[in-house]
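These are the residues of each chain, in order.
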Amino acid sequence: MEKRREGDLYQSVEIYGKVFDIYYGYYEDFERNSKYNDPVPVYPDLVTNPEYNDEAYRIVTQMQIACDDYSGKHGEDRCGLCSHFEKGSNLFGLCTCENQRNKENK
């Protein structure tokens, strides 16, 4: 089995009419410094660069940090644990919170 390297394509995901290329890499620079840390699939930063489906609902990942409209168990902070999260596939989903909809495209 060939060792995966930073920058190698993990997979392309088509969901909600968008295509996301997911590459191997690191979320934090310090992760590169350990001899035991192989690159991992790095999902897009949908907090900094939001994407929306055709109905103007925000596309999110299960593991991203939840927004101020989080509705779920106290102490949790991931979108995938929020009651507004609608599961899609490949760790992607939709935020169905009306406050998070793209009001310009409704």
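These numbers were taken from a predicted model, which means no experiment stands behind them. (Residues numbered from 1 in each chain as written. Predicted model: local features only at pLDDT ≥ 70, side-chain atom pairs only at ≥ 80, totals over all residues. Heavy atoms only, no water.)

**Points about the side chain of Gln64**
And then number 1: With respect to the helices and strands, Gln64 occurs in the loop between β5 (58-61) and β6 (85-87).
And then number 2: In this structure the side chain of Gln64 is engaged in a polar contact, spanning 3.1 Å, whose partner is the backbone nitrogen of Thr61.
And then number 3: When neighbours within four sequence positions are excluded, Gln64 is seen to be in contact with Leu46, Val47, Asp77, Arg78 and Cys79. (Helix = DSSP H or I, 4+ residues; strand = E, 2+ residues; numbered from the N terminus. Polar contact = N/O pair within 3.5 Å; in protein donor to acceptor, adjacent residues only side chain to side chain. Contact = heavy atoms within 4.5 Å.)

**Observations concerning unusual backbone geometry**
And then number 1: Even without a glycine there, the phi angle at Asn90 is positive, about 55°.
And then number 2: You can see Asn90 is positioned in the loop between β6 and β7 (92-95).
And then number 3: One non-glycine residue, Leu91, lies in positive phi territory at about 70°.
And then number 4: For Leu91, the location among the structural elements is in the loop between β6 and β7.
And then number 5: Note on Leu91: relative accessible area 35%, which makes it partly exposed. (Buried < 20%, exposed > 50% of the residue type's maximum accessible area, 1.4 Å probe, protein only.)

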